[in-house]
Amino acid sequence: MTVSGPGTPEPRPATSGASSVEQLRKEGNELFKCGDYEGALGAYTQALGLDATPQDQAILHRNRAACHLKLEDYDKAETEASKAIEKDGGDVKALYRRSQALEKLGRLDQAVLDLQRCVSLEPKNKVFQEALRNIGGQIQEKVRYMSSTDAKVEQMFQILLDPEEKGTEKKQKASQNLVVLAREDAGAEKIFRSNGVQLLQRLLDTGETDLMLAALRTLVGICSEHQSRTVATLSILGTRRVVSILGVENQAVSLAACHLLQVMFDALKEGVKKGFQGKEGAIIVDPARELKVLISNLLDLLTEVGVSGQGRDNALTLLIKAVPRKSLKDPNNSLTLWVIDQGLKKILEVGGSLQDPPGELAVTANSRMSASILLSKLFDDLKCDAERENFHRLCENYIKSWFEGQGLAGKLRAIQTVSCLLQGPCDAGNRALELSGVMESVIALCASEQEEEQLVAVEALIHAAGKAKRASFITANGVSLLKDLYKRSEKDSIRIRALVGLCKLGSAGGTDFSMKQFAEGSTLKLAKQCRKWLCNDQIDAGTRRWAVEGLAYLTFDADVKEEFVEDAAALKALFQLSRSEERSVLFAVASALVNCTNSYDYEEPDPKMVELAKYAKQHVPEQHPKDKPSFVRARVKKLLAAGVVSAMVCMVKTESPVLTSSCRELLSRVFLALVEEVEDRGTVVAQGGGRALIPLALEGTDVGQTKAAQALAKLTITSNPEMTFPGERIYEVVRPLVSLLHLNCSGLQNFEALMALTNLAGISERLRQKILKEKAVPMIEGYMFEEHEMIRRAATECMCNLAMSKEVQDLFEAQGNDRLKLLVLYSGEDDELLQRAAAGGLAMLTSMRPTLCSRIPQVTTHWLEILQALLLSSNQELQHRGAVVVLNMVEASRQIASTLMESEMMEILSVLAKGDQSPVTRAAAACLDKAVDYGLIQPNQDGE
C-alpha cells in the first residue's frame, strides 16, 4: 500500500446506505484539491454529523487532520488523527499524520513512536523510513544540545552568584549567554529543569541592576508561550514578588519586569483559550484563576505608597493590554466587569493624584492620561445599560466621597478625577460635572491665588469645554472667563492653559470657513502665541504640551496652517517635543499634522443639494480657499522638508498607552497624505516611513489600518519592495495588502492592492506562498471579472505572477472550472494591457503544465483566432507571448500541432520565422522545426 502525503485526503468506495456521507466526502476531497481547506473541513464535519459507519468516521477524522495540517493548526490535527486511531488502531495514514502534527508541536518523543508503528506496519514504505530518519536526527541533535548545555547552565549561574566576580566582564558575558540560551525553547526548558527559577530568584534578591535585568530577561524566555512554566514560575517567585519589581525606582528594571509580566499574561490567556492545556500537553491549574491573581496584584500596586511613578504607569499599561476584550465579537467581558468591581476606585485614585505638589502616590506626567485610557477602554468594553450605569454609580460615589466633607484638598482631588474622566470615558465625566457643586467649585477655583489650585480648575474647564454638551454655563460664558484668565494672570502656566480653552471654543466650527467663532485675525493671534510658547525651551515640556493642544484646535483654520508650516522653528520644536518623555503630547501632534495635511475625511457637497439648502435658508459649510489641493500639496512638501517622517517614525515606535488606536489612525492618515504624490515617496521611504507603516496597518482602528495599508500599497507599487521593506519585513506587508481586497474597500484601494501584490508575487516563491496563505487567490479571481477595466487588468496581472506557484497551477489544472477559459478569452480582448497580462499567464501556465495545452481548444471555439491575433499584433511583447503559447502547444501534442499547421497559423509562423533575429523569430522557428519532426510539414529546398 502506498501512503499519500500528509495533505492528501483519501477516497473510499461507496457503501450502501451511506450515499450522503460519501457525497459529502467527495465534495470535501474536491475542495481540498482546489486549496479550499476550510471548505473541505466543513464538508467532512457535515459528513460526520450523519449516520456514518466507524470506518467512515475514521476516514473523515484523518481527512480533517489533513486539513488542519494544511491550515497549520497542529493541535487540532493531532486531535483528529487520534480520533481516527481510536476507531482503527492500525490506521497507518492517521498514525503518519499524527506524527507530523506532533513533530510540529515539538513533541518529538511521541512523534517517533507513531512513526515506528508506521514502519512496523509497512516496512517497505520509503516515506515512513525517511520521516523516521529525519526525526531520529532531530532527537539526537536535541539530546546533544541539552547535554552540552547542562554544564554551561551550571557554570553560568556559578559565575553570576559568585560574590568575588562582582562587576567583572566574565559576569557580564555569563548574563548575556543566559539570556540568549533562554530564547530557544530547548534552552529555556534546560534552565527551568536545572532549578533555574530558584537560582534566578537569588539574582533578583541581590538588588544589583545588571543581575536583576539578566534574571528578568531570562525569565521572559522561560515563560514565553509556555503556560505551565509560567504558572510554576509565579508559584516559585510569588505573584506579589514579581509584580512588586514593577515599582522599583530603576526605570530599566521596571520596564524589564513589565515585559516579563506581559509575556506571562499572554501565556496565561492562551491557556484560558486552550482549556488548561499547555504547549507540552500537561494538565495544569486553572490559568483563568492565575490571571485574576496577577491582575489583582497589579490593581493593589496602583495605590501602594512607595511605588515609583514609572512603575505605576507600567502597571496601567499592562492592565490596558490585558483586561479589555481584543474584539467586541468575543461575548465574554467578565474580566472587565470583575476589574471594575474590584479596582475602579484604585484607577480613579491614580487619575485624581496631583503631580505637583507630590502627594502620597508618586505619579508622572503621563499617569493621568494612562488612567484615562484604561477607564475609557473599560467603559467601551461594557455591553449593556445596566453595566454602564454601575460604572457611572461607582465613579460618582468616589467623586462625592472626596468632594463632600474633605475640605479644599478633597475638592481638588474630586475635580482632578473629573478631568481624568473627561479625557477618558467622557459620558462619565459629563455626568460627574453635573453633580451638585462641582461646576461651581471649578469656576471659583479659577480665581484662586494658589497656582496649583488654579491649574487643576483651569484644566478641568478646558476638558469640559470640549466635552460637556449639557454644561450650558461653559458654552455661554466660557470665552469671557478664559479671556479674563489669559489677560490678567501673571503665570505662563495659567495663561497657556486659558489660551488652549479659547482655542477649543474658537475651533467649534471645524473646517467650516463660514463658522468662525472669533473676529478676523483673532485666531491667527492665538496661534502665534501658541507657536511662541512652543518654541520657548525655557518652559518645561509639560507646559509646552498645552501649546501643541492649542495648535491642534487652531489648525482647523487654513490661515493658521499656512503660517504654521512656514515657521521652521515651530515645526522643529513640535517634532522635538514629540520625541520627548512627554508622551501625552502625541495625540495633539498627530491632530495638528492631520489638519495641516487635510487628511481628515472630506466629501465635496453635491451642487444640487447646496442650491436646495440655500433655498431653504439652511447653513451650507464652506471650504477655505487655502484648503484647495494646490495649497495642501505645498504644505505637505514643507512638512517633508522639515523632517515630519522621522518624527512620526519615532511616534509609532512609542511603547506607551498614549499611542491609542485613535492616535494610530491619525498617524496613518498623515502617512497616506505624505505618499499621495509619487515624487514624495522616496523621501518617506528614505526616512523609515515604510517600516513605520507596517505596525500601523496591523493594529488600530479599522479606518486607521486601511489608510496605513493603502499607504503601504502606494510605496510597494512605485519603489523596490525589497529596499523599502528589508529582510523579514517584506512578508509582513502581505496581510495589510490582502485586507484591501475586501469588498468594503474602495475601488482605488482594491486596484492599488492588486498592483502591489503583483510586484510582491514577482519577487520570490516565499512571497507567493505568503499571499496564498492569506487566502488572497479567491478574491483576486473575483476581481478578474470586475467591470472596471483597470481593476480587471491588475487582477489578471497579479494572477499571472502567482501562476509561478505550484498551488495556483493546480487550480488551473483542476477539472470543472473556467480559469483557463478566462485567460484565453482575455488574450483576445481589445485592451492591450489586459491582453498582455492574460497572454503572459497563458505562456507561463502552458510552459509549467503541458497538460493545459490540450485543454485550450476545448475552452472556446475562438481559440485559434485569438492565438493568430496575438501573433499578428504590432506589439512585439504580445507577439512573443503568443508565440511561446503556440510553441508550448506544438511541443505538448502532435494532434494539436496538426490542427495548428492545417490553419493559417503555419503561414503566420513562416513569415515570423524569416524576420530579424528576436525572441519571436526564434519561437516561431522552433514551432516549425517541431512540426517538421512530427512529419506534419516539409522544409523547402533551401532547408527553411
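Residues numbered from 1 in each chain as written. Predicted model: local features only at pLDDT ≥ 70, side-chain atom pairs only at ≥ 80, totals over all residues. Heavy atoms only, no water.

The chain goes by Protein unc-45 homolog A in an unreviewed UniProt entry, where it is assigned to Piliocolobus tephrosceles. Regarding the chain, the UniProt comment filed under Subunit (unreviewed entry) reads as follows: "Interacts with PGR isoforms A and B as well as with NR3C1 in the absence of ligand, and with HSP90AB1. Binding to HSP90AB1 involves 2 UNC45A monomers per HSP90AB1 dimer." (UniProt positions renumbered as here; feature names shortened; annotations may be inferred.)

Asker: Mind showing me how you'd approach the overall build of the chain here?
Answerer: Scanning the chain from N- to C-terminus turns up 53 helices and 0 strands. The burial tally for the chain puts 53% of its 944 residues in the buried class. A separation threshold of at least 6 residues defines the contact pool for the chain, and within that pool the share at least 24 residues apart is 68%. Carbon together with sulfur atoms contributes 50% to the accessible area of the chain, which is approximately 43,300 Å² in total. (Helix = DSSP H or I, 4+ residues; strand = E, 2+ residues; numbered from the N terminus. Buried < 20%, exposed > 50% of the residue type's maximum accessible area, 1.4 Å probe, protein only. Contact = heavy atoms within 4.5 Å. Areas by Shrake-Rupley, 256 points an atom, 1.4 Å probe, with all protein chains shown as cover.)

Asker: What is the right way to look at the packing of helix α20 (residues 407–423) against helix α22 (residues 438–445) in this model?
Answerer: Each pair of packed helices can be described by the angle between their axes along with the distance between the axes. With their axes 11 Å apart at the nearest point, α20 and α22 run at an angle of 105 degrees to one another. Here α20 lies roughly perpendicular to α22, going by the angle between them. Counted together, Leu-408, Lys-411, Leu-412, Ile-415 and Val-418 of α20 and Val-438, Ser-441, Val-442 and Leu-445 of α22 form the full contact between these two elements. Classifying every residue of the contact of α20 with α22 by side-chain character gives 7 nonpolar, 1 polar and 1 charged. (Axes fitted to C-alpha atoms, helices over the stretch in contact; angles between N-to-C directions. Parallel < 35°, antiparallel > 145°, perpendicular 65-115°, else oblique. Nonpolar A, V, L, I, M, F, W, Y, C, P; charged D, E, K, R; others polar.)

Asker: Which parts of the structure should I look at to understand the pattern of salt bridges?
Answerer: Two side chains carrying opposite charge are able to pair once their charged atoms lie near each other. Per the stated rule, a full pass over the model turns up 47 salt bridges. For the salt bridge of Asp-56 with Arg-25, the shortest nitrogen-to-oxygen distance reads 3.3 Å. Within this pair, whereas Asp-56 is found in helix α3 (residues 54–70), its partner Arg-25 is found in helix α1 (residues 19–33), the two being separated by 31 residues in sequence. Take Asp-56: its relative accessible area is 1%, and that puts it in the buried class. Looking at Arg-25, the relative accessible area reads 1%, which means it is buried. The residue Lys-637 makes a salt bridge to Asp-680 at a minimum N-O spacing of 3.0 Å. Taken together, the positions of Lys-637 in helix α32 (residues 629–642) and Asp-680 in the loop between α34 (661–674) and α35 (681–686) put the pair 43 residues apart, joining distant regions of the chain. Given the relative accessible area of 37%, Lys-637 is considered partly exposed. Taken together, the salt bridges that share partners define one network made up of Lys-561, Glu-562, Asp-627 and Arg-635. (Salt bridge = Lys/Arg side-chain N within 4 Å of Asp/Glu carboxyl O.)

Asker: In this structure, what is going on with the nonpolar core? I would like to understand it.
Answerer: As a rule of thumb, soluble globular proteins bury nonpolar side chains together. Counting residues in hydrophobic clusters, the biggest one holds 256 residues, and the most contacted among them are Phe-671 and Leu-674. With 10 residues, helix α14 (residues 251–274) is the single largest residue contributor to this core. Aside from chain neighbours lying at most four places away, what touches Phe-671 is Val-645, Met-648, Val-652, Val-684, Gly-689, Ala-692, Leu-693, Leu-696 and Ala-711. Judged by nonpolar contacts, the second largest core, of 16 residues, contains Ala-94, Leu-95, Tyr-96 and Phe-128. (Core = buried A, V, L, I, M, F, W, Y, C linked by side-chain atoms within 4.5 Å.)

Asker: Looking at this structure, how should I read helix α33 (residues 644–652)?
Answerer: Structural remark: α-helix, 3.6 residues per turn; residues separated by three or four positions point the same way. The buried count for α33 comes to 7 of 9 residues, which makes it a mostly enclosed element. Along α33, the positions that sit buried rather than exposed are Val-644, Val-645, Ala-647, Met-648, Val-649, Met-651 and Val-652. Contact partners of the buried residues in α33: α29 (568–578), α30 (586–597), α32, α34, α35 and α36 (689–698).

Asker: Sorry if this is basic, but what is going on with the packing of aromatic side chains here?
Answerer: Between two aromatic rings, the relevant description is the distance of the centres plus the angle of the planes. This structure, assessed with the given rule, holds 3 aromatic pairs. The interplanar angle of 65 degrees and the centroid separation of 5.1 Å between the aromatic rings of Phe-32 and Tyr-37 together place this pair among those described as edge-to-face. Assigned by exposure class, Phe-32 and Tyr-37 land together as buried. Between the aromatic rings of Tyr-96 and Phe-128, the centroid separation amounts to 5.3 Å while the plane-to-plane angle is 50 degrees, which identifies the pairing as tilted. (Phe/Tyr/Trp six-rings, centres within 6.5 Å; stacked < 30°, edge-to-face > 60°.)

Asker: Could you clarify how one ought to interpret the UniProt feature "repeat: TPR" (unreviewed entry) in the chain in this entry?
Answerer: In the numbering adopted here, UniProt assigns the feature "repeat: TPR" (unreviewed entry) to residues 92–125. Along residues 92–125 the backbone is 79% helical and 0% strand, and the end-to-end C-alpha distance reaches 11 Å.

Asker: How should I be thinking about unusual backbone geometry in this particular structure?
Answerer: The phi angle of most residues is negative, glycine excepted, and most peptide bonds adopt the trans form. Even without glycine at this site, Asn-195 takes up a positive phi of about 55 degrees. As for its placement among the helices and strands, Asn-195 is situated in the loop between α9 (185–193) and α10 (196–205).

Asker: How should the side chain of Gln-416 be read in this particular structure?
Answerer: Topologically, Gln-416 is positioned in helix α20. For Gln-416, a relative accessible area of 6% gives the class buried. Of note is the side chain of Gln-416, whose polar atom sits 2.8 Å from the side chain of Arg-368. In this view, Gln-416 contacts Gly-351, Gly-352, Ser-353, Leu-354, Arg-368 and Val-456; residues no more than four positions away in its chain are not counted. (Polar contact = N/O pair within 3.5 Å; in protein donor to acceptor, adjacent residues only side chain to side chain.)

Asker: Help me understand the packing of helix α41 (residues 747–761) against helix α44 (residues 789–802), please; the structure alone is not making it clear to me.
Answerer: Two elements in contact, α41 and α44, have axes separated by 8 Å at closest approach and are oriented at 20 degrees. Taken as axis vectors, α41 and α44 run roughly parallel relative to one another. For the crossing formed where α41 meets α44, the hand is left-handed. Judged by residue contacts, Gly-747, Phe-751, Leu-754, Met-755, Leu-757, Thr-758 and Ala-761 of α41 engage Met-790, Ile-791, Ala-794, Ala-795, Glu-797, Cys-798, Asn-801 and Leu-802 from α44. In terms of residue class, the contact of α41 with α44 is made up of 11 nonpolar, 3 polar and 1 charged. (Left-handed = near helix turned anticlockwise from the far one by under 90°.)

Asker: I would appreciate a short explanation of the side chain of Glu-665 in the present structure.
Answerer: Along the polypeptide, Glu-665 turns up in helix α34. Classification of Glu-665 as buried rests on a relative accessible area of 16%. In terms of polar contacts, Glu-665 uses its side chain to reach the side chain of Thr-701, at 2.7 Å. Beyond its immediate sequence surroundings of up to four residues, Glu-665 is in contact with Thr-701, Val-703 and Gly-704.

Asker: So what exactly am I meant to see when it comes to the environment of Ile-496 here?
Answerer: Here Ile-496 lies in helix α25 (residues 492–506). Each residue touching Ile-496, except ones within four places of it in the same chain, is listed here: Trp-533, Thr-543, Trp-546 and Ala-547.

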